[in-house]
Amino acid sequence: MKINFKKLFLYIVITALIGSLFTFFSMDGMEAFQTVVNKPSFTPPGIVFGIAWTILYILMAISWYMVDSCKPCVIVYFIQLIVNSLWSFIFFGWGNYFVALLWTILLLGLVVYMILVFYKEKPAAAYLQIPYLLWTIFATILTYGVFSLN
């Protein structure tokens, strides 16, 4: 399989832009989260999130690139990506931790569904989503922790 690096790079950029779109509307809430909000003891330092999301967005985009001729794959990919992006606004911008918890559960279901759809098309694309699934599980647990402490 010949790799179109320009297309792959475009997919990485699109994924990162959509994935972080609502983060820009949540900056004040992110600052408050660092100083005011009670967090579980297992909350990683802020820098970990940026590193993790960079890696995840790259893996997600590579996975999308691998299944981009599969219409159902692309549809579920963008639905989960938008749901993912909106989580930042709900959690940080809106500060509604209960709704954010429900939202992460929705996202978790969408990620599992996406992996199943990708697997039918190209198993390797599904495997590349496993780190994202694990991070989403962790985010769900972390969101529950924040909700229960505040």
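Bear in mind that the values here come from a model prediction, so they are computed numbers and not experimental data.

All chains considered together, the criterion is met by 18 aromatic pairs. Ring plane angle 25 degrees and centroid distance 5.1 Å describe the contact between W64 and Y77, whose orientation is recorded as stacked. Within this pair, whereas W64 is found in helix α3 (residues 46-66), its partner Y77 is found in helix α4 (residues 71-93), the two being separated by 13 residues in sequence. Considered together, W64 and Y77 belong to a single accessibility category, that of buried residues.

Moving on: the layout of surface pockets. Its volume calculated, the largest pocket comes out at about 620 Å³. Forming the boundary of the largest pocket are 26 residues, of which M30, F49, W53, W87 and F92 lie nearest the centre. Elements represented by at least two residues in the lining of the largest pocket include exactly α1 (5-20), α2 (27-35), α3, α4, α5 (97-121) and α7 (130-149). If one sorts the elements of the lining of the largest pocket by residue count, α7 sits on top with seven residues.

Here we come to the packing of α3 against α7. Relative orientation of the contacting elements α3 and α7 amounts to 145 degrees, with a least axis distance of 10 Å. Of the two possible hands of crossing, α3 and α7 adopt the one that is left-handed. For the pair α3 and α7, the contacting residues are V48, F49, A52, W53, L56, L59 and M60 in the first and P131, Y132, W135 and L142 in the second.

Here we take up the nonpolar core. By size, the foremost hydrophobic cluster in this structure holds 30 residues, and its most contacted members are M60, Y77, F118 and Y132. When residues of this core are traced back to their parent elements, those giving at least two are α1, α3, α4, α5, α6 (123-127) and α7. With eight residues, the single largest contributor to this core is α3. If we ignore the near neighbours within four places in the chain, the residues touching Y77 are T15, M60, A61, W64, M114, F118 and Q129. By size, the runner-up hydrophobic cluster in this structure holds nine residues, among which are F91, F92, A100 and V146.

The next subject is the packing of α1 against α4. Remark: α1 packs on α4, axes separated minimally by 7 Å, with the N-to-C direction vectors making an angle of 40 degrees. Looking at the two axes, α1 sits oblique to α4. Contacts from I14, T15, I18, G19 and S20 of α1 reach α4 at Y77, F78, L81, I82, N84 and S85. Split into classes, the residues belonging to the contact of α1 with α4 amount to six nonpolar, five polar and no charged.

Structurally, T136 can be placed in helix α7. A polar side-chain atom of T136 sits 2.7 Å from the main-chain carbonyl oxygen of Y132. The contact partners of T136, leaving out residues within four places of it in the chain, are T104, L107, L108 and V111.

Conventions we followed
- Residues numbered from 1 in each chain as written.
- Predicted model: local features only at pLDDT ≥ 70, side-chain atom pairs only at ≥ 80, totals over all residues.
- Heavy atoms only, no water.
- Phe/Tyr/Trp six-rings, centres within 6.5 Å; stacked < 30°, edge-to-face > 60°.
- Helix = DSSP H or I, 4+ residues; strand = E, 2+ residues; numbered from the N terminus.
- Buried < 20%, exposed > 50% of the residue type's maximum accessible area, 1.4 Å probe, protein only.
- 1 Å grid on protein atoms, 1.4 Å probe; cavity = no way out; pocket = protein on both sides within 12 Å on 5 of 7 lines; lining within 4 Å.
- Points joined across faces, edges and corners; volume = space filled by probe spheres on them.
- Axes fitted to C-alpha atoms, helices over the stretch in contact; angles between N-to-C directions.
- Left-handed = near helix turned anticlockwise from the far one by under 90°.
- Contact = heavy atoms within 4.5 Å.
- Core = buried A, V, L, I, M, F, W, Y, C linked by side-chain atoms within 4.5 Å.
- Parallel < 35°, antiparallel > 145°, perpendicular 65-115°, else oblique.
- Nonpolar A, V, L, I, M, F, W, Y, C, P; charged D, E, K, R; others polar.
- Polar contact = N/O pair within 3.5 Å; in protein donor to acceptor, adjacent residues only side chain to side chain.

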